[in-house]
Amino acid sequence: MSNILESVNKRTQLVGQNRLELLLFKLNGRQRYGINVFKVKEVLQCPPLTALPKLSPFVRGVAHIRGTTISVIDLSAATGGRPIEDLTNCFIIIAEYNRSVQGFLVRSVERIINMNWEAILPPPQGAGRSSYLTAVTEIEGELVEILDVEKILDEISPVNTAISHEMEERLTIDKEEHYHIMVIDDSTVARKQIIRALESLNLQIDTAKDGKEALDKLVEMSSEIDDLSKEIPLIISDIEMPEMDGYTLTAEIRDNPKLKNIKVVLHTSLSGVFNQAMVEKVGANDFIAKFNPDELATAVNKHLSL
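Figured I'd write up the structure that's included with this text. Predicted, not measured: the structure shown is a model, and the values here were computed from it.

Focus: empty space enclosed by the protein
By the definition in use, this model includes one cavity of 30 Å³ or more. Taken as a whole, the largest cavity holds about 280 Å³ of empty space. Along the wall of the largest cavity there are 23 residues; nearest its centre are Lys-39, Tyr-97, Thr-134, Ile-146 and Leu-147. Going through the elements one at a time, β1 (19-26), β2 (32-36), β9 (133-139), β10 (142-147) and α3 (149-156) are the ones with two or more residues in the lining of the largest cavity. In the lining of the largest cavity, the residues fall into 13 nonpolar, four polar and six charged.

Laid out in structure tokens, this is it:
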């Protein structure tokens, strides 16, 4: 266990084209779960928790770690299971999502494995707690479930998706154009958040749940047009997605003569550490951290008004 904990911080700096490393853990029972190590800041034995009034029932308390107060979410309870008991023998995974740091209470932490995003697949219908799954994979003959953390966080503390009045007044986009864009994200909640944030821009929005589905749609759309950017000038894509990540999708778009002029904005929950060199290498036009509706609208306004 100590080797796992010591290696997490080093591995959070790794970003590879269409590759990821999963930290495996368990809640109650034998089912294995995975979280991308790139989002993990630290793993540690669960410290004493302080209960506070009016917390969500899924938040077991707050922990004081290295001078910072962190909410600790019981992942089992938050996904419809029974709460984790005996906190003295449990662990918390400290991770950064959408500009905030949370602690996720888990029963045990196993090890880190290196995988290709092609081996991470959309969840089959009816598999486990399907409404909370964003992907699945197979390791050693067993199904590993990857939870939709953005859905869990949104249920506990919903994010504001409305563009501010000040931002509305600064928009220069021609709303009469009804620009056609594509939003790509493996989280249903994240896709809905983006669509709600951009409602006032009067856009026509297509969606895809991962890079492969998006690329297939774009290639099909381009079958009868030499430059698809005239039809779809902009896509907004998550980075971490099953089958094909956002980096690989961007590289594929740049390598396709019919798609290469489409502007790509990478929209990521990886707000703590972000690989600018990789963004430039694959040819993305912009990147923004989830989730700030004004920043999202600013990026869309900029790239559609050029």
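Side note on the packing of aromatic side chains
For any pair of aromatic rings, the description rests on two quantities: the centre-to-centre distance and the angle between the ring planes. One pass over the full model with this rule turns up two aromatic pairs. Centroid distance Phe-25 to Tyr-33: 5.8 Å. Interplanar angle 20°. Geometry classified as stacked. Residue class for Phe-25 comes out buried when judged on its relative accessible area of 2%. Taking the relative accessible area as the measure of exposure, Tyr-33 reaches 4% and is therefore buried. Aromatic pair Tyr-97 and Phe-104: ring centres 6.2 Å apart, planes at 75°, arrangement edge-to-face. Residue Tyr-97 shares its accessibility class with Phe-104, and that shared class is buried. If you follow Lys-151 out to its NZ or CZ, it ends over the ring of Tyr-132, 5.2 Å from the centre.

Notes on the packing of helix α6 (residues 211-221) against helix α7 (residues 246-255)
Viewed as axis vectors pointing N to C, α6 and α7 meet at an angle of 20°, and their least axial separation amounts to 9 Å. Compared by their axis directions, α6 and α7 come out roughly parallel. For the pair α6 and α7, the crossing hand works out as right-handed. On the side of α6, the interface is formed by Gly-211, Ala-214, Leu-215 and Leu-218, while α7 contributes Leu-249, Glu-252 and Ile-253. Partitioning the contact of α6 with α7 into residue classes produces five nonpolar, one polar and one charged.

So, the pairing of strand β4 (residues 59-65)
For β4, a buried count of five out of seven residues is recorded, marking the element as mostly surrounded by other parts of the structure. In the sheet, β4 pairs with strand β5 (residues 68-74) via six bridges, with the strands oriented antiparallel. If you follow Val-62 over to β5, its bridge partner there is Ser-71. Between β4 and β5, which pair antiparallel in sequence order, lie two residues; one of them, Arg-66, sits at a positive phi of approximately 50°.

Examining the environment of Ala-284
Relative to the helices and strands, Ala-284 is located in the loop between α8 (276-282) and β15 (286-289). Here Ala-284 is in contact with Thr-250, Val-264, Leu-266 and Val-279, once residues within four sequence places are set aside.

Calculation criteria
- Residues numbered from 1 in each chain as written.
- Predicted model: local features only at pLDDT ≥ 70, side-chain atom pairs only at ≥ 80, totals over all residues.
- Heavy atoms only, no water.
- 1 Å grid on protein atoms, 1.4 Å probe; cavity = no way out; pocket = protein on both sides within 12 Å on 5 of 7 lines; lining within 4 Å.
- Points joined across faces, edges and corners; volume = space filled by probe spheres on them.
- Helix = DSSP H or I, 4+ residues; strand = E, 2+ residues; numbered from the N terminus.
- Nonpolar A, V, L, I, M, F, W, Y, C, P; charged D, E, K, R; others polar.
- Phe/Tyr/Trp six-rings, centres within 6.5 Å; stacked < 30°, edge-to-face > 60°.
- Buried < 20%, exposed > 50% of the residue type's maximum accessible area, 1.4 Å probe, protein only.
- Lys NZ or Arg CZ within 6 Å of the ring centre and 35° of its normal.
- Axes fitted to C-alpha atoms, helices over the stretch in contact; angles between N-to-C directions.
- Parallel < 35°, antiparallel > 145°, perpendicular 65-115°, else oblique.
- Left-handed = near helix turned anticlockwise from the far one by under 90°.
- Contact = heavy atoms within 4.5 Å.
- Pairing = 2+ DSSP bridges.

Bear in mind that shape data such as this cannot, by itself, settle questions of function.
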